[in-house]
Amino acid sequence: MARQIKIEQIDDLMKEAVQELVQKTTLRWTELTVKATPRDNGDLANSWKTNIGKYKGTITTILEYAEPVIYGTSLPESWGEKFRTRQQTIKGFPELQAKQLTTQYIPQELKRIIGSM
């Protein structure tokens, strides 16, 4: 039997669903980012910080060399103007992860969250 909710409860239920989805998606993206980050000494992989608010999640690092390693921009002279990492990192991998999350993970997770309410 389908769960019955009063119309005035929809707003609160959807807020809860979105908050849970933001939390789960941010944690999943953090997991994927750490896994995809090259590990010469582990500093960059261990530097990721996750911050989850009600409706917004962020993943950040303060290491200045993250940009060339992750996006292939602002390359240091020692790289000879070529993007390269020892682990064959895919340039711009966070955008690839975002695409995967938005097309696969988020719709499935939202359906699961709403179905469990």
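Residues numbered from 1 in each chain as written. Predicted model: local features only at pLDDT ≥ 70, side-chain atom pairs only at ≥ 80, totals over all residues. Heavy atoms only, no water.

Okay, the environment of I10 next. With respect to the helices, strands and loops of the structure, I10 is situated in helix α1 (residues 10-36). Residue I10 is classed as partly exposed on the basis of its relative accessible area of 39%. (Helix = DSSP H or I, 4+ residues; strand = E, 2+ residues; numbered from the N terminus. Buried < 20%, exposed > 50% of the residue type's maximum accessible area, 1.4 Å probe, protein only.)

Right, let's get into a nonpolar patch on the surface. Among the surface-exposed residues, I5, I7, I10, M14 and I114 lie close enough to one another that they form a single nonpolar patch of about 450 Å² accessible area. Note that I5 resides in the segment before α1. Here I5 falls in the partly exposed class, since its relative accessible area comes to 39%. (Patch = residues over 30% accessible without salt bridge, like charges linked within 9 Å, V, L, I, M, F, W, Y side chains within 5 Å. Areas by Shrake-Rupley, 256 points an atom, 1.4 Å probe, with all protein chains shown as cover. Salt bridge = Lys/Arg side-chain N within 4 Å of Asp/Glu carboxyl O.)

Bringing the pairing of strand β1 (residues 49-52) into the picture now. In the sheet, β1 pairs with strand β2 (residues 57-60) via four bridges, with the strands oriented antiparallel. Within the sheet, the bridge partner assigned to K49 lies in β2 and is T60. (Pairing = 2+ DSSP bridges.)

This part is about the packing of α1 against helix α4 (residues 93-115). For the pair α1 and α4, interaxial distance at closest approach is 10 Å and the crossing angle is 145 degrees. Here α1 and α4 pass one another in a crossing that is right-handed. Taken together, the residues that form the contact of α1 with α4 break down as 15 nonpolar, four polar and five charged. (Axes fitted to C-alpha atoms, helices over the stretch in contact; angles between N-to-C directions. Left-handed = near helix turned anticlockwise from the far one by under 90°. Nonpolar A, V, L, I, M, F, W, Y, C, P; charged D, E, K, R; others polar.)

In this model, S74 sits at a positive phi of 50 degrees, which is unusual for a non-glycine residue. Among the structural elements, S74 can be located in the loop between α3 (66-71) and α4. The class of S74 is exposed, set by a relative accessible area of 55%. Its identity as a non-glycine residue notwithstanding, E81 has a phi of 60 degrees, on the positive side. You can see E81 is positioned in the loop between α3 and α4.

Another aspect to go through is the nonpolar core. Within the largest apolar cluster, seven residues are counted, these being L44, W48, A66, V69, I70, W79 and F93. The element contributing the most residues to this core is α3, with three residues. Every residue in contact with L44, bar those within four places of it in the chain, is listed here: T37, T61, L63, Y65, A66 and V69. (Core = buried A, V, L, I, M, F, W, Y, C linked by side-chain atoms within 4.5 Å. Contact = heavy atoms within 4.5 Å.)

A few words on the side chain of Q97. When you line up the elements, Q97 lands in helix α4. Only 3.1 Å separates the side chain of Q97 from the side chain of T33, close enough to count as a polar contact. In contact with Q97, not counting residues within four places along its chain, are W29, L32, T33 and A36. (Polar contact = N/O pair within 3.5 Å; in protein donor to acceptor, adjacent residues only side chain to side chain.)

Turning our eyes to something else, we now look at the confidence of the model for the chain. Per-chain confidence: the chain averages 88 in pLDDT, with 97% of residues scoring 70 or above. When mean pLDDT is compared element by element in the chain, β1 scores highest at 97, while α3 scores lowest at 89. (pLDDT = per-residue confidence, 0-100.)

Tracing the backbone through its elements, the reader meets P38 in the loop between α1 and α2 (43-47). Put simply, P38 and V69 are 31 residues apart on the chain and 7.9 Å apart in space, counted from C-alpha to C-alpha. If sequence neighbours within four positions are ignored, P38 has contacts with A45, V69, T85, Q87 and T89.

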